[in-house]
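Observations on chain architecture
Chain residues, written in single-letter form:
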Amino acid sequence: MNQEKEDASRITKRHSWVIVLVSCLIAVVFSVVTIVGAGSLNQNLDTLSEHPFAVSGSLYKIRRYMSDSQIRMGRLLQYNDTADVEIVKNALMEIYGQIDENAAYVVENYLGKDLGNDDELVELIGQIREQENILLDHSAAWTAEQNEEFTAQHLTPLYEQLDELTNQMIQYTENTVVELSRKSDGILTTTILFTCILCAAIVIVSILYRHSVNKELRAQAAYYNDIHYREFLFNILSGNIDDVYLIYNFTGKNMDFVSTNMERIFGVDCDKVNGDMETLFAYCDFGEQNDEVKTALERETLIHAEWEGTLKNPRSGKTTDIRFGIYPAMEQNGVVRYIVEISDLTKIKKTQQTLMDALANAQQANEAKSEFLSRMSHEIRTPMNAIIGMSTIAAAKIDDRVRVEDCLAKIGYASKHLLMLINDILDMSKIESNKLTLTNEPFDIYQFLNTFMSIVYQQACEKGVELTEKITGFDDHSSTLAGDSLRLNQVLLNLTSNAIKFTQKGGHISISVQRFLRQGKNQRVRFIVEDTGVGMDADTLERIFDPFEQANAGIAKKYGGSGLGLSITKNLVTLMGGTIDIESAPGKGTVCTVELPFEMSDVELSYVKEEELKSLHVLVVDDEKDVCEHTAILLERMSINASWVLSGREAVEAVERAYRQEKMFDVCFIDWKMPEMNGLETTRRIRRTVGGDIPIIIISAYDWTDIEQEARAAGANGFISKPLFGSSLYNTLVSVTGGSFGHSGAIGQPEDYTLEGKTFLAVEDNEVNMEILKEMLELNNAQEVVCAYDGTEAVERFRESEPGTFDAILMDIQMPEMDGYEATRIIRALDRPDAAGIPIIATTANAFSEDVSAVLAAGMDAHTSKPINMHELCKLLRKLTTKHPGD
Ligand code: ADP
């Protein structure tokens, strides 16, 4: 734009010079033409006045005087005496004078000299005078006739010649007048023409000049507008960016420009800085580089350099991190300037810090994950080692039943531990991928806490830690809450397990539940788990909710754990709309506070109140005294009357005695593994004595699947696994008594999950898994299990069967050839009466909630994850295959 403007200005300047020159030239030509024209006219006029007119006047005078002279001479023809002659002579003398004067004038001014008329005139006058003088001299002597004759011969022709000559000359002068007049006209016309042309030229030049001036004015206006607009834009720019620009005049040692945002960004008055650099440096600090920065702007050799420092805002007193950059920018007309850029580094530094923190966090998280992986590897390998090792031992000692049982028990424990680890990781993964959904079921907070306490109580006892609980803010009518009690249980269990884990023997843990806010149906409940354990330092506290974080690597070795517990807890609490806060100090214990919102539920819960359990009388049979005592304590905590004996024989005696005394036990808990008489035998004997009246629960530290059939045949009603917890005791009691206590004979039947008479199609590509599945179904009295080893075979087996042959299909998902989804879709689409309704249950290792959704979307009825829990599977199969009236 500037270049264009400069070009336009240069062109306009050149134009204006040309226009001035042309104007001057025209003016000169005009002047010359006018002067020359006027001079010519003047000369013509002079010529006219001096020559033709004056000459013709003189000629006329000559003719008149000559006529006078002729008249005088003619008198001599009559009067020619001497006196007359003398008079004529005198008169002629005067006339001759006049004639000579006029003749001299004519000679001098006559323009037709070329013609020789003037000389001829003078000569003729001379001749006339000569003849007249002759006549005068002789007139007096001569006679009139002589005089007449002489006049006629010598004078009259001369007079006539003179007359003709003067006539010619007058004619000539008159012609000359005409000629001069014509010339003057020409000059006039030429002058007018020139004048017109010059006027036209002046008009054109003026128009051109005006045009070029206008153009220049417009260009100037545009230029100034452009300057203003650019200034406006620059002000917007500098007003809104966070970089300050200055132009330092190196030559003049002053500031040529300071961007207006200086004041806004650094609080430094622009006017103050306008003076020189020193004023600005007063606010800056570049530490050790102070001198270097200041002298950089004074150097002879111009450099580009940048420094970082601080600038103190004189208004707020706040110090800002800055970058101070100098650029040798312009050298114009010998003036050297530096551009100085001052940038506010606060945001950049903050971003850098954030990135560094993020990097550190990512590295830490990565390290934690690597550490977690190696820890997990160790954690997984340990039970895996037990499983593989024990399997090998069991295979080697296959004939030693006791040894094999021991191996199997250990394999069971190891598997459960493994499962717990996997569940933890799955939970975390579900939470991280937002797949975890919460239920909103009514539950009683008293019952919840009771169950919870009975679970953790034993752990605390085992560790020798005192555990107390307190519940406040609820009453009997408002103790039913709506929420996910399972997840709440998980949260409190994580916190309390940690508390137990990290509290030394003799320490104390208190669990308190307070309802602290109640607005209509909405209420907030605070759960506090407080321990007097080892506590945590601030650094650990900061990282405690991050996945895979533990206070230190030694923790895992000493206490185990995956570092996922608190992370899962925090996520669950957040998901439930609550908050979690942990306060802790090394050696001073830890206080974990969880606040959660719940709705109050109007649902009447048909649970068995603790009160109702008080009427029960329970017998515990175990060869380990500790177990007996502990179980009795747990039962007594529920206000249940408990007795215990240490062997099967004693148990049978106790039951017989009670039976005789009609103080019959309501429930018997009998350990499976006991010396002399094992639990099954004891059960059989008791049944022989008292029949089927007493619910008998077999206590087992092992998976009871193997003995379930035998135990049930012996008369057992249910099973409970070691170690015993208050909650499991409570739940078992509730389930076997159906909430109706006392030995009135209304003893709850054992849960009937038997699959008697049912035929299943089991689809599974893995032979071992197929065997397990088949075995499990047959153990539960399934009539027939048809096996299909992939989806295609499953479809074929189903297609070729009679409708109604199968009661349900157990479908693996990942299989070669055709997967479970595809097989299900094909089966559902078959044109046969049972295709749409046959229950199809997915048995898969894919345990995420999206896997559950996928199996349901494919048309299956339910999802069970591997490892398959036989009880759960049978329960589900019973539910899905039981025909209800009206079905
Ligand atoms: P972990 O499964 O390893 O227990 P958590 O996430 O539950 O994982 O806990 C992480 C770490 O937090 C623990 O390893 C321990 O260092 C620390 N911690 C948690 N609760 C307590 C507590 N009550 N007292 C002391 N340290 C605790």
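Scoring rules and cut-offs
- Residues numbered from 1 in each chain as written.
- Predicted model: local features only at pLDDT ≥ 70, side-chain atom pairs only at ≥ 80, totals over all residues.
- Heavy atoms only, no water.
- Helix = DSSP H or I, 4+ residues; strand = E, 2+ residues; numbered from the N terminus.
- Buried < 20%, exposed > 50% of the residue type's maximum accessible area, 1.4 Å probe, protein only.
- Contact = heavy atoms within 4.5 Å.
- Areas by Shrake-Rupley, 256 points an atom, 1.4 Å probe, with all protein chains shown as cover.
- Core = buried A, V, L, I, M, F, W, Y, C linked by side-chain atoms within 4.5 Å.
- Pairing = 2+ DSSP bridges.
- Axes fitted to C-alpha atoms, helices over the stretch in contact; angles between N-to-C directions.
- Left-handed = near helix turned anticlockwise from the far one by under 90°.
- Nonpolar A, V, L, I, M, F, W, Y, C, P; charged D, E, K, R; others polar.
- Salt bridge = Lys/Arg side-chain N within 4 Å of Asp/Glu carboxyl O.
- pLDDT = per-residue confidence, 0-100.
- Expected span 1.5 Å × (residues − 1).
- Polar contact = N/O pair within 3.5 Å; in protein donor to acceptor, adjacent residues only side chain to side chain.
- Right-handed = clockwise from strand over helix to strand, strands pointing away.

Broken down by element type, the protein carries 26 helices and 23 strands. Across the 887 residues of the protein, 42% fall into the buried class. Considering only contacts in the protein between residues 6 or more positions apart, those separated by 24 or more positions represent 68%. Of the roughly 46,600 Å² of accessible surface on the protein, 53% is carried by carbon and sulfur atoms.

For the rest of this paragraph, the subject is the nonpolar core. Leu 488, Phe 527, Val 618, Leu 635 and Phe 669 are the most contacted members of the largest nonpolar core, which totals 60 residues. For this core, the element with the most residues is helix H11 (residues 445-463), which contributes eight residues. For Leu 635, the residues in contact, after removing those within four places along its chain, are Val 618, Val 620, Ile 640, Ala 642, Leu 729 and Leu 733. One finds Cys 270, Phe 286, Leu 297 and Ile 342 within the second-largest nonpolar core, a separate group that totals 31 residues.

The sheet built from five strands is open, its strands ordered S20-S19-S21-S22-S23 with parallel pairing. Looking at which strands have only one partner, the edges of the open sheet turn out to be strand S20 (784-788) and strand S23 (862-865). For this sheet, the mean inter-axis angle between neighbouring strands, taken without regard to orientation, is 20°.

Examined against the element boundaries, Thr 319 turns out to sit in strand S5 (residues 319-332). Every residue in contact with Thr 319, bar those within four places of it in the chain, is listed here: Thr 310, Leu 311 and Lys 312.

Where helix H22 (residues 767-779) contacts helix H26 (residues 870-881), the two axes come as close as 11 Å, and the packing angle between them is 65°. The handedness of the crossing between H22 and H26 comes out as right-handed. On H26, the residues touching Leu 773, Met 776, Leu 777 and Leu 779 of H22 are Met 870, Leu 873 and Leu 877. The residue inventory of the contact of H22 with H26, partitioned by class, reads seven nonpolar, no polar and no charged.

Spatially, five strands are ordered S15-S14-S16-S17-S18 in an open sheet, and the strand pairing comes out parallel. With partners counted over all chains shown, the strands left at the sheet margins are strand S15 (641-645) and strand S18 (718-721), one partner each. Strand-to-strand, the axes of this sheet are offset by a mean angle of 25°, without reference to chain direction. Pairing of strand S14 (residues 617-621) with strand S16 (residues 667-671) involves four bridges; the strand directions are parallel. Following the sheet pairing, Val 620 is matched in S16 by Phe 669.

This part is about the pattern of salt bridges. With the rule as written, the count across this model stands at 25 salt bridges. With a closest N to O distance of 3.0 Å, Arg 797 and Glu 793 form a salt bridge. One end of the pair, Arg 797, and the other, Glu 793, are both in helix H23 (residues 791-800), four residues apart, so they sit about a helical turn from each other. Taking the shortest distance from any N to any O, the salt bridge between Glu 796 and Arg 799 comes out at 3.9 Å. A residue pair is termed a helical-turn pair when its members lie 3 or 4 positions apart in one helix, as Glu 796 and Arg 799 do in helix H23 at three residues. Judged by relative accessible area, Arg 799 falls into the partly exposed class, the value being 43%.

Okay, the pairing of strand S9 (residues 480-483) next. Neither face of S9 is open: one carries Thr 480 and Ala 482, the other Leu 481 and Gly 483, and all of them are buried. Both strand S7 (residues 441-444) and S9 contribute to a ladder of four bridges, which runs antiparallel. Of the residues in S9, the one forming a bridge with Pro 442 is Ala 482. For S9 and strand S13 (residues 589-600), the ladder comprises two bridges, and the chain directions are antiparallel.

So, on to unusual backbone geometry. Backbone geometry follows two general trends: most residues other than glycine have a negative phi, and most peptide bonds adopt the trans configuration. Although it is not a glycine, Asn 781 adopts a positive phi angle of roughly 70°. Residue placement: Asn 781 occurs in the loop between H22 and S20. Judged by relative accessible area, which is 29%, Asn 781 ranks as partly exposed. One non-glycine residue, Glu 817, lies in the positive phi region at around 65°. Mapping Glu 817 onto the fold places it in the loop between strand S21 (808-811) and helix H24 (820-829).

A few words on the confidence of the model for the protein. When pLDDT is averaged along the protein, the result is 81; 87% of the residues meet or exceed 70. Helix H16 (residues 610-613) is the least confidently modelled element of the protein, averaging 58 in pLDDT, while strand S12 (residues 579-585) averages 95, the highest of any element. Throughout residues 739-751 the model reports pLDDT below 50, and contacts reaching past four residues in sequence, or to other chains, amount to 28 contacts.

Our next topic: helix H12 (residues 485-501). Taking 1.5 Å per residue, 17 residues should reach 24 Å; H12 reaches 23 Å between its end C-alpha atoms and fits that length. Listed as buried for H12 are Arg 487, Leu 488, Asn 489, Gln 490, Val 491, Leu 492, Asn 494, Leu 495, Thr 496, Ala 499 and Ile 500. Of the residues that open H12, the one with a side-chain oxygen 3.2 Å from the backbone nitrogen of Arg 487 is Asp 484.

Further remarks concern the pairing of strand S19 (residues 759-763). For S19, the buried fraction is high: five of the five residues fall into the buried class. As defined by bridge partners, S19 adjoins S20 across five bridges and the pair is classed as parallel. In the sheet register, Leu 761 faces S20, and the bridge partner there is Val 786. On the question of chirality, the crossover connecting S19 to the parallel S20 by way of H22 is right-handed. In this structure, S19 lies alongside S21, joined through four bridges in parallel fashion. Its bridge partner lying in S21, Phe 760 is registered against Ala 808.

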